[in-house]
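Descriptive structure summary
Chain by chain, the residues run as shown.
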Amino acid sequence: MTSGLANTKLHLVNTVEKANEFLTWLSQRRPHNAIAIDTETGELPNRPHSDALSPWHGRLRLVQVGDGEQGWSIPWDEWAGVFYQSMDRFDGKIVCHNIAFEAKWFEIQSRWSIPWHRAHDTMIMSQIIDPIGSAALKKLTSQYVDSKAAALQTHLETSLHENGWSWGTVPVNFEPYWSYGALDTVLTMKLFEQFWEKCGPSQIYSVPYELEMATRKIATRMELNGARVDLDYSKKKFEELNEYGEKVRKWGLDTYGGSITSNIQLVRIFEKLGAEITETTPSGQKSASKDQLKMLVRDGSPEVQQLADIVLKQRKADKLANTYFKNFIEGNINGIVHPSIRTLAARTGRMSITEPALQTLPSGDATVRRAFIPKDDEHLIISSDLDQVEFRLTANFSKDQDLINLFNEADRTGGDVFTEIMRQVYQDPNAQKTDPRRKLIKGVVYGKLYGAGVSTMALTAGVTDAQMKPVVDGFDASYPGVRMMAQTIEDAGMRRLRSEGVGYVQTRTGRRLPCDDDRVYSLTNYLIQASAAEVFKQNLIKLDQADLTDYLIVPVHDEIVLNVPRDGYEEIMETVKQCMTTREGWEVPLTAGVDGPFENWGAKYDG
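So, here is what we can say about the structure in this document. This one's a predicted model, so the numbers in the text were calculated from it and none came from an experiment. (Residues numbered from 1 in each chain as written. Predicted model: local features only at pLDDT ≥ 70, side-chain atom pairs only at ≥ 80, totals over all residues. Heavy atoms only, no water.)

Of all 8 residues in helix α4 (residues 122–129), 6 are buried, a share of seventy percent or more. For α4, the full list of buried residues reads Thr122, Ile124, Met125, Ser126, Ile128 and Ile129. In this fold, the buried residues of α4 make contact with β5 (93–96), β6 (119–121), α5 (137–144), α7 (175–199) and α8 (206–225). (Buried < 20%, exposed > 50% of the residue type's maximum accessible area, 1.4 Å probe, protein only. Helix = DSSP H or I, 4+ residues; strand = E, 2+ residues; numbered from the N terminus. Contact = heavy atoms within 4.5 Å.)

Bringing the sheet that holds strand β3 (residues 59–66) into the picture now. With mixed pairing, 6 strands are arranged side by side in an open sheet as β1-β4-β3-β2-β5-β6. The open sheet has two edge strands with one neighbour each: β1 (9–12) and β6. With direction set aside, neighbouring strand axes in the sheet form an average angle of 25°. Both β1 and strand β4 (residues 70–75) contribute to a ladder of 4 bridges, which runs parallel. For lysine 9, the partnering residue across the bridge sits in β4 and is glutamine 70. Sheet strands touched by helix α3 (residues 99–109): β2 (34–42), β3, β5 and β6. Its angle to β2, the strand with the most contacts, is close to 70°. (Pairing = 2+ DSSP bridges. Axes fitted to C-alpha atoms, helices over the stretch in contact; angles between N-to-C directions.)

The topology assignment puts isoleucine 381 in strand β12 (residues 379–386). Looking at isoleucine 381, the relative accessible area reads 1%, which means it is buried. The sequence separation of isoleucine 381 and arginine 566 amounts to 185 residues, and the corresponding C-alpha distance is 9.2 Å. Once you skip the residues sitting within four places of it in the chain, isoleucine 381 turns out to touch Phe372, Ile373, Pro374, Ile553, Val561, Leu562, Asn563, Gly596, Pro597, Phe598, Asn600 and Trp601.

Let's shift gears to helix α1 (residues 16–26). Where α1 is concerned, the buried positions are Ala19, Phe22, Leu23, Trp25 and Leu26. For α1, the buried positions fall inside an angular range of 160° around the axis, keeping them on one side. The elements touched by buried residues of α1 are β2, β3, β4 and α2 (76–89). (Arc of directions from axis to C-beta.)

Attention now goes to the sheet that holds strand β7 (residues 227–229). One open sheet holds the 3 strands; their spatial order is β8-β7-β11, and the pairing between them is antiparallel. Strands at the two margins of the open sheet, each flanked by one partner only, are β8 (336–337) and β11 (372–373). With 2 bridges joining them, β7 and β11 adopt antiparallel strand pairing. What sits directly across from arginine 228, in β11, is isoleucine 373.

Here β2 runs beside β5; their pairing, made up of 3 bridges, is parallel. For alanine 34, the partnering residue across the bridge sits in β5 and is lysine 93. For β5 and β6, the ladder comprises 3 bridges, and the chain directions are parallel. Note on β6: the bridge partner recorded for valine 95 is histidine 120. Note on the crossover from β5 through α3 to β6: the handedness is right-handed. (Right-handed = clockwise from strand over helix to strand, strands pointing away.)

A word on the packing of helix α17 (residues 437–449) against helix α18 (residues 454–461). Contact geometry of α17 with α18 gives a least axis separation of 9 Å together with a crossing angle of 135°. If you check the angle between α17 and α18, you find them oblique. Regarding α17 and α18, the two cross each other, and that crossing is right-handed. The residues of α18 that touch α17, namely those facing Lys439, Leu440, Gly443, Val444, Gly447 and Lys448, are Met457, Thr460 and Ala461. (Parallel < 35°, antiparallel > 145°, perpendicular 65-115°, else oblique. Left-handed = near helix turned anticlockwise from the far one by under 90°.)

Residue position: valine 520 is located in the loop between β14 (512–514) and α21 (523–545). On the accessibility criterion, valine 520 (4% relative accessible area) is buried. Sequence spacing of valine 520 and glycine 503 is 17 residues, and the spatial spacing of their C-alpha atoms is 6.6 Å. Those residues in contact with valine 520, other than ones at most four positions away along the chain, are Glu490, Gly493, Met494, Leu497 and Cys515.

Below, the discussion takes up the packing of aromatic side chains. In total, this model carries 25 aromatic pairs according to the counting rule given. One aromatic cluster is present, built from ring pairs that chain together Trp76, Phe83, Tyr84, Phe106 and Trp112. If you follow arginine 437 out to its NZ or CZ, it ends over the ring of tyrosine 426, 4.7 Å from the centre. One residue, lysine 442, lies across the ring of phenylalanine 418, its end atom 5.3 Å from the ring centre. (Phe/Tyr/Trp six-rings, centres within 6.5 Å; stacked < 30°, edge-to-face > 60°. Lys NZ or Arg CZ within 6 Å of the ring centre and 35° of its normal.)

A separate point is the pattern of salt bridges. With the rule as written, the count across this model stands at 36 salt bridges. A salt bridge links glutamate 21 to lysine 18; the nearest nitrogen and oxygen atoms lie 3.6 Å apart. Of this pair, glutamate 21 and lysine 18 both sit in helix α1, 3 residues apart, which is roughly one turn of the helix. With a relative accessible area of 37%, glutamate 21 lands in the partly exposed category. Residue classification places lysine 18 among the partly exposed residues on the basis of a relative accessible area of 22%. The closest approach of N and O atoms between arginine 350 and aspartate 558, which form a salt bridge, is 2.7 Å. With arginine 350 in the loop between β9 (340–342) and β10 (352–354) and aspartate 558 in the loop between β15 (552–556) and β16 (559–565), the pair connects residues that are 208 residues apart, well separated along the chain. The burial state of arginine 350 is the same as that of aspartate 558; both residues are buried. (Salt bridge = Lys/Arg side-chain N within 4 Å of Asp/Glu carboxyl O.)

Nothing here speaks to function; it is all geometry.
Below is the structure:
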């Protein structure tokens, strides 16, 4: 760590002389031919403070520009022209910390857009270099630049509180405010200068960094595109689900004399009915968690089973109503919702969607998906899913020839790989896809990918451990390469933990995924999840190169949803399928299907 802020100079552009001084400074030569850009935003008068973070509801207040030595704050209302003039002149690298935020504000509230072909993001760099560390600017700079980096922020927050100011009302010429903003650009550049040594061209993380920057550009366009929602349907479902939840809660109170939404009271009710509660909270309190309720549905008395099932349904109804439909109703802009896409939400590089949290949508459930409709009568919805991508990657990485052959034969004949495995494990060549034993096979496969034990697999499948164990043993006997793959990855992780101080696994792009010291077994799951994320992101780039980005709505898990013209959708569907399929370099191709066209996204899951 270096004490690199002692000679930093911060400026406020508030006179013609200062504007000229800023433009002269910008013309100087500097390392990497790079500058950092940042914004300070706020809410409009009489609006919620949360609007300060929304480019659709808030307002730009300051734009800051800086390098590793000087930072400049430019009040937007008075001096935006100076910023435009400076950007017309500058042709070097543009660096942000959290470019996803800045890009949307400039796109919506200015006539300047981020030049993505020469843009960089130190937040993305930090997440690739250290997937489990904090990506917050002040924490990073305290670690890499100067331990005093957060002091100005603390002083500013104290001043805001003392004066009753918010981010929308603090005066732009208040020195701690504009200095805080200007300093962020200096800090960002100091981080860039260090991170560039690992993420720049031909460096150790150059490939995953380039992948993530390209993905971030596409994701930002999807956020700006947004998705049209059926508000009438959303309001109707919100009311229905709330009414159902109220009825269930009243039924619980009338029947058992307690609240089924209170964990303490629900546990007490179950215990009075003779049920054993084995799950606990971190504090040691007994917990009626989702897994506990599933166990009660499987193992409890008829009355316990009924109550547990009802509580699970009530919780689902509450979540659908408040996490999704309420968000659609309150958060739409002229009928369009603009989800926030985090392209690096987990250490594995998996994406997540918030506002609303589409990443947690129940798998295969059409209820919420029906709210997503084409943007107008001239468009339709299509979607494309990767086919069993995690299992296909497992077959590739395991090099189990029988499993590889099984996939390739299924692709050739249009068969179902889970059905074929079921037939082998149970030695029943006549078993069909509708056979309930297929669910057990899927539970084993995905349980192994997630590092689950027999008990967890059994709970997921709704069967006992005794029923699940022979299925697991049968799969291991048929495809030993899968077990050997996991053992090899774990052994390598342990060696790295002993010799390098951290256990990790490495993807094909060179991305390193560290594990917690006591969870080396999780590395197999990290490799599969991260590889699936990278494949999906590479496919998004292919869609972008095919000029389909303006049609993209939202990515959810391994699925991409598109809004396409009615006229010519067939050709687009074929292009999407080609872009979403990867054959080169894999013994088992990573294929994808395309579904549609639909009048709403949920139609894909109906029936």
